[in-house]
Amino acid sequence: MSSGRLGAEQGLGHWVLLACAWLLGLGLLQGCERLPDASEWVVLLLLLAISVGVWWVMRRRGSGWGPSLALGLVLALLAFAQAAWRAELRLSEQLPPAWEGRDLRVRGLVASLPQQVQGITGLPGWRFEFEVQAVQEASDTESSKDLRALLPGRLALSWYGEQATPPPLRAGEQWQFTVRLKRPHGLMNPHGFDAEYWLFEQGLRATGVVRDTASAPPPRRLTETSGWGVDWWRQRLREALQRQVADPSVAGVLAALSLGDQAAISSGDWALFRNTGVSHLLSVSGLHVTMFAWLTQALVAALWRRSAWLCLRWPAPHAARWAGVSAALAYALFSGWGVPAQRTVWLLISLALLRSLGVRWPWPLCLLAAALVVTVLDPWALGQAGFWLSFAAVALLMATGEGEAHKPSATGWKARVAQGLHSQWVASIGLAPLSLLFFQQISLVGLLANLFAIPLVSFVITPLALLGAVLPGLWWLAEVAVNGLMFSLQLLAAWPGAVWYVAAAPVWAQILGLAGGGLLVLPLPLRLRLCGLGLLLPMLWPAPQRPLAGEFEVLAADIGQGTAVLLRTAEHQLLYDTGPAYGPGSDAGQRVLLPLMRALGVKHLDSLVLSHRDSDHVGGASAVMAGMPVRQLLSSLEPGHRLLLESPAPSLRCEQGQRWVWDGVHFEILHPPAQFYEPAASQKSNAMSCVLRITSAQGRSVLLTGDLEAPQEQALVSAQAAGLVALHSDVLLVPHHGSKTSSGTAFLAAVAPQLALVQAGYRNRFGHPAPSVLARYQAQGIEVRQQAACGAWTWQSRLGTERCQREQGQRFWHLRSVHPSPAPPGMTGPWPEGLSAAEEGPQEVPMAEALQLGPP
């Protein structure tokens, strides 16, 4: 090897080291529980100054790897420090806790394309970003004091029609609202979506609802939308789509591809796209932006070469390259400037700039340079799955393309089809480990689905969706193409085993799996590629941890305002309640419980217990029964209830005295007694709550109580005195989420738990748990855990140990010191007697749930 070539390779190696050092610094910050304090900032800046001095000395004294290593340390520290400083600035725009739940009068602009949504009762509404211009306290009608300095500049708002359907809302309009805000708070479950990180990255430092009630001033539109902004044109295109395309499903797909309006696609259609492995095609991602740039580049190059005058002044390849980049930028802006599109635009700009400067770097260095540009502009991109999927896909295609380039070139349609099949094979197999890492599932029909979906969506549906803005008649052709796509995907999704769910693997297995996926598709000798298959096995068939025989584990899922508890023994699993329905087509079963159980390796439920019929306890039951085999349904539901008719499993009513043993663990139903089911009894829904006690072989026990109220609690105390039941337990699920109607003193004394868990949503409007109830627990020396402050809560019977997901997974962007306080007056207290959650009126869909309405 010549010395010149060796020097060039060493030079490229130095650049790779520096780029990796920058990314390492950003990655270290991503794993921090908190940002540096004042003393740590002093140490950090001192280390940065020392490392700069070391680099300067080593650079003066000689060459080699020493100066590069020192400079790499400088860049890692610099990346960490600048990202921490930017995070401090973003976190400083925090809603003060004292202003949570208070009515504020805000004036500002609708800063995003409003998304049409439905509240829990089905009433229509809007979800949108709001740029604040002025703020006043709603009760202060005389003072002109502006509180703008106390509030974040951008808010995530929801507007549900509590009195009437909200009027049309358009981007760029100026409105005055009365709002009720809260700090960013999302659900936190193992392997779940981090809503607080998403809000942090988007710069949305408060969420809230528009108060459209008789007690609040009505919202007022102050100015109309200007006709010159990008959002105005996007709004017009969406409204035209809705008028021209009658099928909401098709209109949603076309709006998602042309406008980036992913919320326009229903949750059922998203499930279809996920299960067939094509969900990445239905959002404005790197594929669409790159395709648009490529088509523009090819067209401009062909036209440019027809003019000698143009070619003499600017070579056709350069003109076409930058025309493609400009087209990609325009498409990304028009489609909402989403984060995936932003990353792709910066990637294309970086690669085009390198080519224009005559730099001929190898593909790994080009990708690293692009990643450097992306993370300088958006240091939080590193924490998004899309960042890794986008760059991994491009890297795999570049690597395998480089290998194919050394083979004899072939022409003709057969060669092109073979090349397309090879690229699809590389993308599907190479990205499978990343899909398992982020989503714990693989579509086994995805390879086949993408073979026809990629060209159909990229070269037919998306261009027609965009050209329809000029020639609306083309939307009819797009509608035909979308219907054909949906029909084909439905056929594939109906195949047995179309989706393979895999439990989340340990870190070491994930690292091996990622390496194995790369080896399988890289142009390497066959023996090395077969080694990749072996490296994948621990990730494809992980061995989830289970309790020992005679022991059990309790996992109270973080589902907002409601109840959902998963119990696992050595070989069995039981789900107690399924959480609330968040709105039409969206519930805790679909959004939280099914992904959580699959990530834990739960393949079926031996028993599903539905304590009573209230929607915050059975809202996710239909989704759970449809998405996972259930061998038995145990409930207090009345005969003829919809869920009993839907259940494919045998249904039994829970009744005092029922007992069974799984793997040495004892289960017993303590309530309701048989007479409660008699027609003459006419019991309230809460009074019918199934109470379940679980006891390990060592005698440690947990008591799950549903929405039990004081009279039934007293009846259980009497039953214990009569020797009919045993109430004493180590852990108590606080009855009725901590309502004033429950947790009587005598009942707490009879149970005598060491720990009590409140499953209630953050700042829920019912005031759960009530301060007087918490005082009773404190008086008896019982430690109380609140799920809003804890996230998912896990308890192991073997050692009696507990774990809070919010504490275990704490990062600097997460809300700290979460002490849920009651809602304002008029919004507190338990449900009125005989009134269910669905009848109470519209309520805000939790922001964490709202953020999961799109694809994973």
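### Overview of the sheet that holds strand β17 (residues 651-653)
Strand order in the open sheet made by the eight strands is β17-β16-β15-β12-β11-β10-β25-β26, with mixed pairing throughout. Single-partner strands in this sheet number two, and they are β17 and β26 (801-804). Within the sheet, the average angular offset between the axes of one strand and its neighbour, ignoring direction, is 15°.

### Details of the nonpolar core
By size, the foremost hydrophobic cluster in this structure holds 36 residues, and its most contacted members are Leu254, Phe273, Val278, Leu282 and Ile461. Mapped onto this core, the elements with two or more residues apiece are α5 (230-244), α6 (248-259), α7 (267-275), α15 (446-467) and α16 (474-493). Once residues lying within four places of it in the same chain are set aside, the contact partners of Val278 are Phe273, Ala449, Asn450, Ala453 and Leu489. Counting 34 residues, the second largest nonpolar core, distinct from the first, contains Leu35, Tyr197, Leu367 and Val374.

### Quick look at the pattern of salt bridges
As enumerated under the stated definition, the model contains 19 salt bridges in all. Linking Arg211 and Asp103 is a salt bridge whose minimum nitrogen-to-oxygen distance equals 3.5 Å. Taken as a pair, Arg211 in the loop between β6 (207-210) and β7 (220-223) and Asp103 in strand β1 (residues 103-110) lie far apart in primary sequence, 108 residues in all. A residue is classified by how much of its surface remains accessible, and Arg211, at 9% relative accessible area, is buried. A salt bridge links Glu196 to Arg806; the shortest N-O distance between them is 2.7 Å. Here the residue Glu196 occupies a position in helix α4 (residues 195-202), and Arg806 occupies one in helix α27 (residues 805-808), the gap between them amounting to 610 residues. Here Glu196 and Arg806 have matching classes, each one buried. Look at the salt bridges and you will find they share partners, linking Asp103, Arg180 and Arg211 into a network.

### Describing empty space enclosed by the protein
Under the counting rule described, the total for this entry stands at three cavities of 30 Å³ or more. By volume, the largest cavity is sized at about 50 Å³. If you go around the largest cavity, the residues you meet are Val554, Ala556, Val565, Val702, Leu704, Val731, Leu732, Leu733, Leu757 and Trp793. Among the elements of the structure, β10 (553-556), β21 (701-704) and β22 (731-733) are those that each provide at least two residues to the lining of the largest cavity. When residues of the lining of the largest cavity are assigned to their parent elements, the largest contribution, three residues, is made by β22. Residues belonging to the lining of the largest cavity are distributed by class as follows: ten nonpolar, no polar and no charged.

### Side note on unusual backbone geometry
Excluding glycine, residues mostly have negative phi values, and the peptide bonds linking residues are mostly trans. Residues His671 and Pro672 are joined by a peptide bond in cis, for which omega reads 5°. Among the secondary structure elements, Pro672 is positioned in the loop between β19 (665-671) and β20 (691-695). Residue Pro769 is reached from His768 by a cis peptide bond, and omega for that bond is -5°. In this fold, Pro769 is placed in the loop between β23 (755-758) and α25 (771-779). Phi at Gln440 takes a positive value of approximately 55°, unusual for a residue other than glycine. Tracing the chain through its elements places Gln440 in the loop between α14 (413-439) and β8 (441-443). Non-glycine residue His737 carries a positive phi angle of around 60°. Secondary-structure assignment places His737 in the loop between β22 and α24 (745-751).

### With respect to the environment of Leu514
Mapped onto the elements of the fold, Leu514 is located in helix α17 (residues 507-521). Its relative accessible area of 36% is what places Leu514 among the partly exposed residues. For the pair formed by Leu514 and Gly532, sequence separation is 18 residues and the distance between their alpha carbons is 9.1 Å. Beyond its immediate sequence surroundings of up to four residues, Leu514 is in contact with Pro433, Leu434 and Leu437.

### Comments concerning the sheet that holds β20
Reading across from one edge, β18-β19-β20-β21-β22-β23-β24 is the order of the seven strands in this open sheet, with mixed pairing throughout. Only two strands of the sheet have a single neighbouring strand rather than two, namely β18 (659-662) and β24 (783-786). Adjacent strand axes in the sheet meet at a mean angle of 20°, parallel and antiparallel pairs treated alike. Across two bridges, the pairing between β21 and β22 is parallel. Note on β22: the bridge partner recorded for Leu703 is Leu732.

### A few points about helix α23 (residues 710-721)
If you check α23, its first and last C-alpha atoms are 17 Å apart, about what twelve residues at 1.5 Å a residue would give, namely 16 Å. Restricting attention to buried positions, one finds in α23 the residues Gln712, Glu713, Leu716, Val717 and Ala719. End-on, the buried residues of α23 take up no more than an arc of 160°, which puts them together on one face. Projecting away from the buried face of α23 at angles above 90 degrees are the exposed residues Pro711 and Ala721. Of the surrounding elements, those touching the buried residues of α23 are β19, β20 and α24. Just past α23, the residue Gly723 takes up positive phi, approximately 80°.

The rules we used
Residues numbered from 1 in each chain as written. Predicted model: local features only at pLDDT ≥ 70, side-chain atom pairs only at ≥ 80, totals over all residues. Heavy atoms only, no water. Pairing = 2+ DSSP bridges. Helix = DSSP H or I, 4+ residues; strand = E, 2+ residues; numbered from the N terminus. Axes fitted to C-alpha atoms, helices over the stretch in contact; angles between N-to-C directions. Core = buried A, V, L, I, M, F, W, Y, C linked by side-chain atoms within 4.5 Å. Buried < 20%, exposed > 50% of the residue type's maximum accessible area, 1.4 Å probe, protein only. Contact = heavy atoms within 4.5 Å. Salt bridge = Lys/Arg side-chain N within 4 Å of Asp/Glu carboxyl O. 1 Å grid on protein atoms, 1.4 Å probe; cavity = no way out; pocket = protein on both sides within 12 Å on 5 of 7 lines; lining within 4 Å. Points joined across faces, edges and corners; volume = space filled by probe spheres on them. Nonpolar A, V, L, I, M, F, W, Y, C, P; charged D, E, K, R; others polar. Expected span 1.5 Å × (residues − 1). Arc of directions from axis to C-beta.

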